[in-house]
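Breakdown of the fold
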Amino acid sequence: MLDFNILFPSVLNGITTGAVYALIALGLTLIYGVLHIINFAHGASLMVALYGVYMLKQHFGVDPYMALPIMVPTMFVLGYALQRGVINRASHGKDENILLVTLGISIVLENLALLFFKSDTRTIETAYTLTTVEIGPAFIALPKLVSFAGALVVSAVMLLIVQKTDLGRAIRAVSKEKQGARLMGIDVDHVYAMCFGLGLASLGAAACFLMPAYYVNPQVGNGFVLVAFTIVVLGGMGSFAGALLGGLLIGVVESLGGLLLGESLGQVGIFVIFIVVLLLRPQGFFGAKA
Amino acid sequence: MKDFRNIVLFVLIVGAVPFFTQSGVMLNFVMTALYACLLSQAWNVLGGFGGQFSFGHALFFGTGAYVQAIAQMQWGLSPWVALPLAMVFAAAVGAFVGAASFRYGLKGSYFALVTLAFAEVFRILATSVPFTGAGVGLMLPLKESAANMQFGNRAGFIWLMLGLVTLALCITAWLRHSRFGAYLQAVRDNEDAARAIGVNPFSVKLIATVLSGGLMGAAGAFYVQVFQYIDPGIAFGAHTSVEALVGAIVGGMGTLWGPLLGAVSLHILADVTRNLFGQLPGINMVIYGVVLIVIVMFLPRGIAGLGTITPLQWLRGQKSDGDKP
Amino acid sequence: MSTLLQIDGVGKSFGGLKAVQNVSLSVTEGCLSALIGPNGAGKTTLFALMSGFLIPDTGKVVFDGQDITGQPPHLNARMGLTRTFQIVQPFAAQTVRENIAVGAHLHLPSRAGALEFAESVAQQVGLTPQLDKLASDLTVAGRKRLELARALATRPSLLLLDEVLAGLNPQEIAEMIPVVQGIAQSGVTVLMIEHVMQAVMSLAQEVWVLAQGQLIAHGTPAEVTNNKAVVEAYLGHGTAERLQKNAAQAKTAQEVKA
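Since the model is a prediction, treat every value here as computed from it, not as a measurement.

Within the largest apolar cluster, 295 residues are counted, with the highest numbers of intra-cluster contacts made by L50(A), L38(B) and M161(B). Take this core: its biggest share by element is 16 residues, from helix 8 (residues 188–210) of chain A. Beyond its immediate sequence surroundings of up to four residues, M161(B) is in contact with M31(B), L34(B), Y35(B), L38(B) and F222(B).

Here we take up the arrangement of the chains. Where 2 pairs of chains are in contact, the pair with the most contacts is made of chains A and B. Over all C-alpha pairs, chain A and chain C never come within contact, reaching a minimum spacing of 13 Å.

Relative to the 27 Å expected for 19 residues at 1.5 Å per residue, helix 10 (residues 239–257) of chain C spans 27 Å between its end C-alpha atoms, a close match to the ideal helical length. Sparse coverage of helix 10 of chain C is indicated by the burial of 0 of its 19 residues.

This part covers the sheet that holds strand 7 (residues 158–162) of chain C. Residue and element names in this part refer to chain C. Spatial ordering of the open sheet is given by 6-7-8-3-9-10, a layout of 6 strands whose pairing is mixed. Looking at the sheet topology across the chains shown, the edges are occupied by strand 6 (81–83) and strand 10 (214–219). When strand polarity is set aside, the average angle formed by the axes of neighbouring strands in this sheet is 15°. Sitting on the sheet, helix 1 (residues 43–51) touches strand 3 (32–36), strand 6, strand 7, strand 8 (189–193) and strand 9 (206–211), and the angle it makes with strand 7 is about 150°. Contacts between helix 9 (residues 228–235) and the sheet are confined to strand 9 and strand 10, with strand 10 contributing the most and set at about 130° to the helix.

This part takes up the sheet that holds strand 2 (residues 17–28) of chain C. Residue and element names in this part refer to chain C. Strands sit in the order 2-1-4-5 across an open sheet of 4 strands; the sheet is antiparallel. Every interior strand has two partners, whereas the edge strands, strand 2 and strand 5 (66–67), have only one. One ladder, built from 2 bridges, connects strand 4 (residues 58–63) with strand 5; its direction is antiparallel. If you follow F63 over to strand 5, its bridge partner there is Q66.

This brings us to the interface of chain B and chain C. Counting from both sides, the interface comprises 18 residues of chain B and, opposite them, 24 residues of chain C. Looking at the side of chain B that touches chain C, the elements with two or more residues in it are helix 7 (179–189) and helix 8 (191–196) of chain B. Broken down by element, the residue count for the side of chain B that touches chain C peaks at 6 residues, all from helix 7 of chain B. A breakdown of the residues in the side of chain B that touches chain C according to their chemical character gives 8 nonpolar, 6 polar and 4 charged.

What counts as what
- Here the residue numbers are simple positions, counted from 1 along each chain's written sequence.
- Each chain takes a letter, starting from A, and each ligand takes a number, starting from 1, following the order in which they are written.
- pLDDT decides what is reported in this predicted model: residues at 70 or higher carry local features, side-chain atom pairs at 80 or more are listed and counted, and totals for whole chains, interfaces and linings draw on all residues regardless.
- Core membership is restricted to buried Ala, Val, Leu, Ile, Met, Phe, Trp, Tyr and Cys residues, and these are joined into a nonpolar core through C-beta atoms within 7 Å.
- Note on burial: count the other C-beta atoms lying within 10 Å of the residue's C-beta; 20 or more is buried, 12 or fewer is exposed, in between is partly exposed, and C-beta positions come from the backbone.
- Only runs of H or I of at least four residues qualify as helices and only runs of E of at least two qualify as strands under DSSP, and these elements are numbered from the N terminus.
- We call two residues in contact when their backbone-placed C-beta atoms lie within 7 Å.
- Given the number of residues in a helix, its expected span is that number minus one, multiplied by 1.5 Å.
- Note on pairing: DSSP must find at least two bridges between two strands before they are called paired.
- Between the N-to-C directions of two axes lies an angle of 0 to 180 degrees, each axis being a line fitted to C-alpha atoms and, for a helix, fitted only over the stretch in contact.
- For this classification, Asp, Glu, Lys and Arg are treated as charged, while Ala, Val, Leu, Ile, Met, Phe, Trp, Tyr, Cys and Pro are nonpolar and the rest, including Gly, are polar.

Encoded structure:
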């Protein structure tokens, strides 16, 4: 049961899934690191993006990977609008309000999806959905490999944006010292909205990578939200490196957990880790103090 | 004092309803409205008075529900014994989660996340474990009688729930007029300041969690008696958690009547929506979500707060840099 | 008169920063003492260490004969040691009366009793007209008084006041000083962190000076303000000498003229 031929594919699968998890967690990290808000709407937003990819394929025949240039900007705009138009206005600056507003958004999104798409689980079929690639004793689905690569690329792009561009500089300034940044002439509201937009844009990309190998229904958001939070907390709130490594780790844990305990109980492992980390080391392994 | 007088009035008026109408629709409405009230009242104890927002309150609901079912079906207990037992179990879960969370100083978003995680864990466990009926759930055998807490008509259920709601009202009123309540609200408003003047935040928050959990467990037990069925999704799913918190927030957190105002308003809204749009899946929750956002945006003190904040104050708004979790 | 609070060799570091180093001081019962020092000296940290908000890395804190090192603040309050905060921390959503009542509840379990006692404490600090106002509606001066009243309601034997005069204009300071004096005269031992020298000079019987985490002087207000090390801590190295030289020169100039 524990021999290499069984473990290796499981681990490999976990890594490929983990890369996408990492991408999802990166967006959350960016949002938390800068806005210091826990975006409860992150999972629901991913779900919306997944439906977007689904619709593009079903109704317009657009291949998920080709949908990247559509999904990413669309999600960016959605994120910008949500932050600027709803979250910012509703929160009155108080953290507890932001918590409730993002929860409200997630409820609305999830149930609008339920309304329009019913609760059926949907998948898409592409030419390469069933193609596998042989790596050692493992047969990894081609879409998963592509998503692995894609997730890494997009993560790298996001990191570059934050480190090398003017926007990135502004983001870093605002996250460290909001008032000071404001005094320097940075439009903090705009930066916040850009951040949120980037966070959701990364979800747009993640959805394109996920959809070929995965599925969508109105509830998928919930599962992803907690997994994403687990990663972010594990890696350390606000740490990109932590989110990346955490994502890979969680992917592997989920895969091995599913192998050893069965699909559903395997998921429990993740939440238990989440609770334990939250209780014992909320700053994660790479993060600054919580 | 005034609060208790009002509570007595409330009990008399609502309790008399079954004597004034035989309409099944009306009675059903009163019963389900009271049920919604209890959910929000339970959440209000910890969320409104204690300032600790739980996003996974279904955890306690589901515990109560399953205990109520299992105690009857597997331990052969009378439902009237099972009910307090369910409350105790739910309260115990509250003690566990509260102790763990507050021992490690979890607050704000972190606490909300942890409660969500616990609810999810319980949901998954309930799906996998045989004695909860796994994914299929448990069905309470039908045996109508008052002794079996399965009332032939809604009146019995109304009075039962009225009793529980009254219990919640009394507890809430006690929070408003006791040292414990003062300490709890002090911790909510400023934990450090409270510590400096002799309040032990850990024990205060823990007790609030226990009370809140117990009341929520009662609601879960009630659900099982009325609908004679429970499964992991109903027990630990987000729907109940959301209903509890939105009702309390919409009505006014930290007040005596706020949760009832909010719960009933939402209930009416849901009914109206159902009449207008039919049984569309998810439409209820969409409304709850929108209402939540709107209330937080424009009326953060909830409906009950309408009297306490003047339009001028509202326009000036509350601009403050909130604390980090 | 006995020693009410004694701290020995107390120290606390944050990472590489030694916020408080080897500080020993004692507070005599019935006295009003002051803890002064330039900004960043570690005064508030010292208060936090005394009152249990921080646990010292080294040293002991003994209150009323009992070792309370690292004991949580609420237990210290129950023993009679209460502190206020530099940045006021009112229970914003509650009224002045309710705020003070929370403090009163420490020794009064009954709600009615606590509310009643709150009224008398409010009178002591001059907040009676504001009793039913929301704490968030008070001015800075009002909030300072509220902070004071709330702490007072716990019937402390030792009150640690952290910059109770900060942020007040001269008029408000002049009104607050007698309030603090009144508290001290009613038998409460007070240790105050203060920057407003006028208050220190007029109120304090004993002054401790903290600079860069260490105690550099101790004595009466007059002794301490003439202490060279203290002058230098506030005004920089060499200032004391320069001041002395200027004074000597001025004296000689006067003598020459005469």
